[in-house]
Amino acid sequence: MAKNLTTVVSSATRTLEISRDKLTVIIGERINPTGRKKMLAALQAGDFKVVRTDALTQVAAGAAMLDVNAGVPGADEPALLKQVLQTVMDVTDVPLCIDTADPQALAAALGLYKGKALVNSCNGEERSLSAVLPVVKEYGAAVIGLCMDDDGIPETPEKRLAVAGKIIERAGKMGIPVEDIVIDPLALTMGADSHAGRVALQTIELVVKEFGVNITMGASNISFGMPDRAYINSAFIAMAIYAGMTCPITNPLVTEVVTAVLAADLSLGRDDYGMRWIKAYRKRQKALKEAAS
Ligand code: THG
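Okay, so let's go over this structure. (Residues numbered from 1 in each chain as written. Predicted model: local features only at pLDDT ≥ 70, side-chain atom pairs only at ≥ 80, totals over all residues. Heavy atoms only, no water.)

## Things to note about the site of the ligand
Put simply, the rule is: Neighbouring residues are identified by heavy atoms, a residue being near a molecule or strand if any of them is within 4 Å of it. Contacts described as polar in this section are N or O atom pairs within 3.5 Å, which, within protein, must combine one atom able to donate a hydrogen with one able to accept it, while residues neighboring in sequence count only if both atoms come from side chains. With residues, only the protein chains shown are counted as cover, and all accessible areas are computed by Shrake-Rupley using a 1.4 Å probe. Points on a 1 Å grid over protein atoms alone make up a cavity when a 1.4 Å probe fits among them but cannot get out, and a pocket when they form an open set with protein on both sides within 12 Å along at least five of seven lines; lining residues each have an atom within 4 Å of a point. Put plainly, a molecule is in a cavity or pocket when over half of its atoms are within 2 Å of the grid points there. Counting from the N terminus, the helices are the DSSP runs of H or I reaching at least four residues and the strands are the DSSP runs of E reaching at least two.
Close to the ligand lie 15 residues; Arg30, Asp99, Asn120, Asp184 and Asn221 are nearest. Separating a nitrogen atom of the ligand from a side-chain N or O atom of Asp184 is a distance of 2.6 Å. Separating an oxygen atom of the ligand from a side-chain N or O atom of Arg229 is a distance of 3.1 Å. Taking 670 Å² as the accessible area of the ligand by itself, protein coverage stands at 73%. In this structure the site holding the ligand corresponds to the largest pocket. At the level of secondary structure, the elements contributing two or more residues to the shell around the ligand comprise strand 3 (27-31) and strand 7 (142-146).

Listed below in structure tokens is the structure:
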């Protein structure tokens, strides 16, 4: 059983520790034009109002970090990602997760970012390891490692563990410490494969036991194509937290998901005196009263 590691990320003014001994860190997923027509159209038109609003509402709803993705087809991604990132840094001080598959956009964003970012992501493919890890090292960032490689996404938890191990080993050889690697076991949709949830959960258990690293996941992927996604997502996220996930990438505007995270932290003894749960309850009550008046 490996020791639980702490990943430290920061903004210009705030430091955040991600660990299984602390409250779960929600990484707000919404600053991402993929699958969001309104944001895509706004970014294409050079309008950053939606980005500003999404940053503020997600933090108000409980996101302790924000994922920033500017993947607009045909756009100059290094330039656009920098603009989106600057917009987010202008309105909030939570640490950011820079979500791009383009190494040039990544370097441009890390050059602009103030603090220690979480890079989203590299995977076990040779091409990815050799392009992303040197940039991560140069800027002293932390990085998400996806459990997939040149052969695709492995079907079994054991094979995903092996990919995680390969990423951790390669990062270590480059001088990136193991605590700065956050593993994503990969949540695929259960709409296509009913075992997708179980495989992700078992991968979390294996990776945590072997390496003690922090774990993230695009936790709403699991329910794509299913009805009543919020119920699925909230049950799944609570189970994944018990298995060892520490920083889910998800939508904090969905009450079921946020309350499931709070209840999971309470149930695992991370919420002293239930103060956080009670505070969130009062906030919901206040919002209800304001909506009624
Ligand atoms: N792992 C890592 N990073 C990731 C993912 C992952 N980044 C991208 C993605 N997956 C996580 N981000 C999102 C963002 C949005 C949605 C899901 C995952 C989403 N959007 C709504 C939909 O498609 O129904 C649109 C909602 C809206 O318009 O408000 O669900 O797995 N490391």
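## What about the pattern of salt bridges?
Going by this rule: The salt bridge definition used is simple: a Lys or Arg side-chain nitrogen within 4 Å of an Asp or Glu carboxyl oxygen. Each residue gets one of three labels from its accessible area relative to the maximum for its type: buried under 20%, exposed over 50%, partly exposed in between, using a 1.4 Å probe on protein chains only.
By the definition in use, this model includes twelve salt bridges. Notably, a salt bridge pairs Arg14 with Asp93, separated by 2.8 Å at the nearest N-O pair. One end of the pair, Arg14, is in the loop between strand 1 (7-10) and strand 2 (15-18); the other, Asp93, is in the loop between helix 3 (77-91) and strand 5 (96-99), with 79 residues separating them in the sequence. Take Arg14: its relative accessible area is 40%, and that puts it in the partly exposed class. Assessed through its relative accessible area of 31%, Asp93 is described here as partly exposed. Beyond isolated ion pairs, a larger network of salt bridges with shared partners links Arg30, Arg36 and Asp54.

## Description of helix 10 (residues 275-292)
Under the convention used in this document: Multiplying 1.5 Å by the residue count of a helix minus one yields the expected span of that helix.
Its 18 residues place the ends of helix 10 26 Å apart at the C-alpha level, agreeing with the 26 Å of an ideal helix rising 1.5 Å per residue. Burial analysis of helix 10 places just one of its 18 residues in the buried class, which makes it a mostly uncovered element.

## A closer look at the sheet that holds strand 8 (residues 181-184)
Stated precisely, the cut-off is as follows: Two strands form a pair only when DSSP identifies at least two bridges running between them. The axes used here are C-alpha line fits, helices contributing only the stretch in contact, and every angle between their N-to-C directions lies in the interval 0 to 180 degrees.
Read around the barrel, eight strands follow the order 3-4-5-6-7-8-9-10 and close on themselves; strand pairing throughout is parallel. For this sheet, the mean inter-axis angle between neighbouring strands, taken without regard to orientation, is 30 degrees. As paired strands, strand 3 and strand 4 (residues 65-69) are joined by three bridges and run parallel to one another. Counterpart to Ile27 in the pairing with strand 4 is Met65.

## With respect to the pairing of strand 1
Across a regular strand the side chains alternate sides, sitting on one face of the sheet and then on the other. Both strand 1 and strand 2 contribute to a ladder of four bridges, which runs antiparallel. Looking across to strand 2, one finds that Val8 is bridged to Glu17. What sits between strand 1 and strand 2 in their antiparallel hairpin is a turn of four residues.

## Observations concerning unusual backbone geometry
Generally, phi is negative for residues other than glycine and the peptide bonds are trans, each holding for most cases. Residues Asn120 and Ser121 are joined by a peptide bond in cis, for which omega reads 20 degrees. Residue position: Ser121 is located in strand 6 (residues 118-123). Its identity as a non-glycine residue notwithstanding, Leu186 has a phi of 80 degrees, on the positive side. Mapping Leu186 onto the fold places it in the loop between strand 8 and helix 7 (196-211). Judged by its relative accessible area of 11%, Leu186 falls in the buried class. Even without being a glycine, Asp228 presents a positive backbone phi close to 50 degrees. As for its placement among the helices and strands, Asp228 is situated in the loop between strand 9 (214-218) and helix 8 (229-243). Judged by relative accessible area, which is 54%, Asp228 ranks as exposed.

## Concerning the layout of surface pockets
Put simply, the rule reads: Grid points are joined across faces, edges and corners, and a volume is the space filled by probe spheres set on the points. Residue type decides the class: Asp, Glu, Lys and Arg count as charged, Ala, Val, Leu, Ile, Met, Phe, Trp, Tyr, Cys and Pro as nonpolar, and the leftover types, Gly among them, as polar.
By volume, the largest pocket is sized at about 1,100 Å³. Along the walls of the largest pocket sit 41 residues, with Asn32, Asn69, Asp99, Asn120 and Asn221 positioned nearest its centre. With four residues, the single largest contributor to the lining of the largest pocket is helix 5 (residues 126-139). Looking at the lining of the largest pocket residue by residue, the classes come out as 15 nonpolar, 16 polar and ten charged. Roughly 800 Å³ of internal volume is contained in the second largest pocket. Forming the walls of the second largest pocket are 29 residues, and the residues nearest its centre are Ala60, Ala61, Gly62, Val258 and Lys283. Mapped by element, the contributors of at least two residues to the lining of the second largest pocket are helix 2 (49-60), helix 9 (255-267) and helix 10. Examining the composition of the lining of the second largest pocket, we find that seven residues originate from one element, helix 10, more than from any other.

## Looking at the packing of helix 2 against helix 3
Test applied: Any angle that is under 35 degrees is reported as roughly parallel, and any over 145 degrees as roughly antiparallel; angles of 65 to 115 degrees are reported as roughly perpendicular and all others as oblique. Throughout, a crossing is termed right-handed when the near helix is turned clockwise from the far one, and left-handed when it is turned anticlockwise from it by less than a right angle. Residues count as neighbours in contact if any of their non-hydrogen atoms are within 4.5 Å of one another.
Running from amino to carboxyl end, helix 2 crosses helix 3 at an angle of 45 degrees, the nearest separation of the two axes being 9 Å. Classified by the interaxial angle, the pair formed by helix 2 and helix 3 is oblique. Seen from above, helix 2 lies across helix 3 with right-handed handedness. Here Val51, Arg52, Ala55 and Leu56 of helix 2 come into contact with helix 3, specifically with Val84, Thr87, Val88 and Val91. Split into classes, the residues belonging to the contact of helix 2 with helix 3 amount to six nonpolar, one polar and one charged.

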